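Summary of the model geometry
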Amino acid sequence: MNAGADAAREVPSWRLLATLGVAGAAAGLLVVLVQGWAEPRIEAHRTAVLEGAIRNVLGEPARYDTLYVTDAGLVRETSGGIDASTTDRVYLGYDAAGQPVGFAITAAEPGFQDLIRLIFGYEAASGEVLGMEVLENKETPGLGDKIVKDASFVAEFEGARAPLLGVKPGAGEGDPGEVDMITGATISSRAVISIINHRLERLDPLLRSYVAAEHP
Amino acid sequence: MSAPSSRGDDLLRGIWRENPVLVQLLGLCPMLAVTNTVANSLAMGLATFFVLLGSSVLVSTLKSVIPHEVRISAYILIIATFVTMADLVLAAVVPEIHRALGAFIALIVVNCIILGRQEAFASKRPVGRSALDAIGTGAGFMLALLLMGAFREILGSGSLLGVSLFGPGYEPWVVMILPPGGFLTLGAILLLLGWSRQRRAPQPRVRRWPHGVATGRAG
């Protein structure tokens with residue numbers, strides 16, 4: 001190819017810009033269309049997962065309410081210009097007779113690899129944890145992910161009393177808060193326990209006073 | 001490698017003889033990262049297949065409109081659009097798998113198999129042949145992913161597509177679903193393929209002496 005051919009083939013810069021501009025606009029439009037289709041489905045799935053988890057950790061309550069956590073305590077509706085969608089919340093489940101069975105509380109803190117997001121059921125009056133389910137984790141497959149896959153570890157939380165205390169399997173001394181940790185997943189199981197303890201440290205007084213006031 | 005250029009060859013070349021992963025050693029990043037289960041491999045393979053086919057057809061259609069100077073930017077734009085669409089569709093249809101694949105769906109944008117096929121093939125050939133080439137290459141990539149995924153899931157979890165194979169007595173070989181297992185498996189597969197290829201390659205001429213002593217030229 002000689003210099004003359006090169007010069008003849010040179011494309012003005014406005015054409016380069018126009019090509020990329022038009023392509024970018026078309027690409028954006030396409031992505032927006034697909035996003036419009038996908039977004040409600042993704043949202044619906046997220047809600048369904050959370051709802052299933054709430055039912056699971058509260059032992060299939062008849063219904064549950066969403067309560068917002070504010071400085072003044074738990075409230076059913078936010079007021080004073082607080083955006084409900086970004087406010088911290090807990091879920092209070094009721095049995096068929098309308099009696100509260102416990103709170104479902106989400107919490108997240110770093111585990112071994114990344115944030116562990118979990119939900120647990122909690123009965124404020126007795127301080128008893130009702131159940132625990134990990135919602136999201138990136139723990140090591142085969143080791144740390146036993147916090148999800150090891151059914152006996154998950155069952156340890158049922159009936160344990162807060163504050164929880166992680167112990168080596170079989171080394172417990174009868175403390176009501178004892179949870180047997182997983183061999184090979186010490187950090188991940190300790191993280192799950194401390195996530196619940198930290199969350200309750202802050203929320204427990206609010207939960208207790210709410211139950212005392214509403215359901216004496 | 002442009003000996004025969006029939007349509008059948010466009011289609012079949014990428015599946016085995018010029019398999020993008022097993023022969024060209026491209027796209028190793030997703031190959032190692034997401035092949036710890038067959039389901040993940042399948043989703044990754046399908047997403048890549050879709051992106052590759054879509055971009056190849058579009059690039060080939062638009063090849064006379066895209067100025068040579070900005071072709072790479074235009075290809076990346078086209079690929080990124082398809083990847084974003086695949087990402088959203090996977091999140092909406094198979095959310096569990098989408099979560100397991102994490103960032104690797106978005107990273108299909110920089111998968112060199114895809115950009116490589118655009119630059120080397122689709123930007124110079126008619127639409128039909130580009131589509132065949134994309135189907136072949138995409139299928140070849142999927143084949144390699146599934147091979148790895150099946151091997152690692154069977155050894156590392158004792159299951160295939162989530163169905164337990166050996167019962168509760170099987171102690172999973174956990175390292176196989178961790179990153180080192182990916183390297184080990186890929187190494188083993190490449191070793192086997194290289195060995196079989198070498199065995200099938202024409203042997204150096206051997207002159208057989210009457211009394212049965214074979215000598216061959218070294219090398």
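The coordinates are above.
Described in the following lines is the structure provided in the data block.

1. Description of the overall build of chain A
A count of helices and strands for chain A gives five helices and eight strands. Its C-alpha radius of gyration of 26 Å places chain A more than 25% over the 17 Å reference for a compact globule of 216 residues. Dimensions of chain A, computed from C-alpha atoms along their principal axes, come out at roughly 90 × 45 × 30 Å. Taken across its 216 residues, chain A has 30% of its residues classed as buried. Across chain A, every contact between residues at least 6 apart in sequence was considered, and the portion connecting residues at least 24 apart equals 52%.

2. Overview of the overall build of chain B
Counting its secondary structure elements, chain B contains eight helices and four strands. Along chain B, helices (α) and strands (β) appear in the sequence α-α-α-α-α-α-α-β-β-α-β-β when read from the amino end. When burial is assessed residue by residue, chain B has 39% of its 219 residues classed as buried. Pairs at least 24 residues apart make up 73% of the contacts formed inside chain B by residues separated by at least 6 positions.

3. Considering the sheet that holds strand β4 (residues 100-110) of chain A
All names here are of chain A. Ordered by their spatial adjacency, six strands build an open sheet running β2-β1-β3-β4-β5-β6, and the pairing between neighbours is antiparallel. Either end of the sheet is taken by a strand with one partner, and the two such strands are β2 (73-75) and β6 (128-136). Strand-to-strand twist in this sheet, taken as the mean axis angle between neighbours without regard to direction, amounts to 30°. Strand direction decides the pairing type here: strand β5 (residues 115-123) and β6, joined by seven bridges, are antiparallel. Looking across to β6, one finds that Tyr 122 is bridged to Val 129. Lying over the sheet, helix α2 (residues 13-57) contacts β1 (63-70), β3 (89-94), β4, β5 and β6, oriented at roughly 155° with respect to β6.

4. Here we look at the interface of chain A and chain B
Across the contact, 20 residues belong to chain A and 20 residues belong to chain B. Looking at side-chain class alone, the side of chain A that touches chain B contains twelve nonpolar, six polar and two charged residues.

5. A short note on the environment of Leu 101 of chain B
Residue and element names in this part refer to chain B. As for its placement among the helices and strands, Leu 101 is situated in helix α5 (residues 95-101). For the pair Leu 101 and Ala 43, spaced 58 residues apart in sequence, the C-alpha to C-alpha distance is 8.5 Å. When sequence neighbours within four positions are dropped, the list of residues in contact with Leu 101 reads Val 34, Asn 40, Ala 43 and Met 44.

6. Regarding helix α7 (residues 127-157) of chain B
Between its first and last C-alpha atoms α7 of chain B spans 43 Å; for 31 residues at 1.5 Å apiece the expected length is 45 Å, and the two agree. The first or second residue beyond α7 of chain B is Gly 158 of chain B, which carries a positive phi of 70°.

7. Quick word on the nonpolar core
The biggest cluster of nonpolar side chains holds 44 residues, and the ones touching the most others in it are Ala 104, Phe 120, Val 129 and Ile 196 of chain A. At the level of secondary structure, the elements contributing two or more residues to this core comprise α2, β1, β3, β4, β5, β6 and α5 (186-214) of chain A. No other element matches α5 of chain A, which puts nine residues into this core. In this structure Ile 196 of chain A touches Ala 107, Phe 120, Val 129, Ala 162 and Leu 164 of chain A, once residues within four positions along its chain are discounted. Counting residues in hydrophobic clusters, the runner-up holds 41 residues, among them Leu 53, Met 85, Ala 92 and Ile 113 of chain B.

The rules we used
- Residues numbered from 1 in each chain as written.
- Chains lettered and ligands numbered in written order.
- Predicted model: local features only at pLDDT ≥ 70, side-chain atom pairs only at ≥ 80, totals over all residues.
- Helix = DSSP H or I, 4+ residues; strand = E, 2+ residues; numbered from the N terminus.
- Rg over C-alpha atoms; globule rule 2.2 N^0.38 Å.
- Buried ≥ 20, exposed ≤ 12 C-beta atoms within 10 Å, placed from the backbone.
- Contact = placed C-beta atoms within 7 Å.
- Pairing = 2+ DSSP bridges.
- Axes fitted to C-alpha atoms, helices over the stretch in contact; angles between N-to-C directions.
- Nonpolar A, V, L, I, M, F, W, Y, C, P; charged D, E, K, R; others polar.
- Expected span 1.5 Å × (residues − 1).
- Core = buried A, V, L, I, M, F, W, Y, C linked by C-beta atoms within 7 Å.

The values are spatial; any link to function lies outside them.
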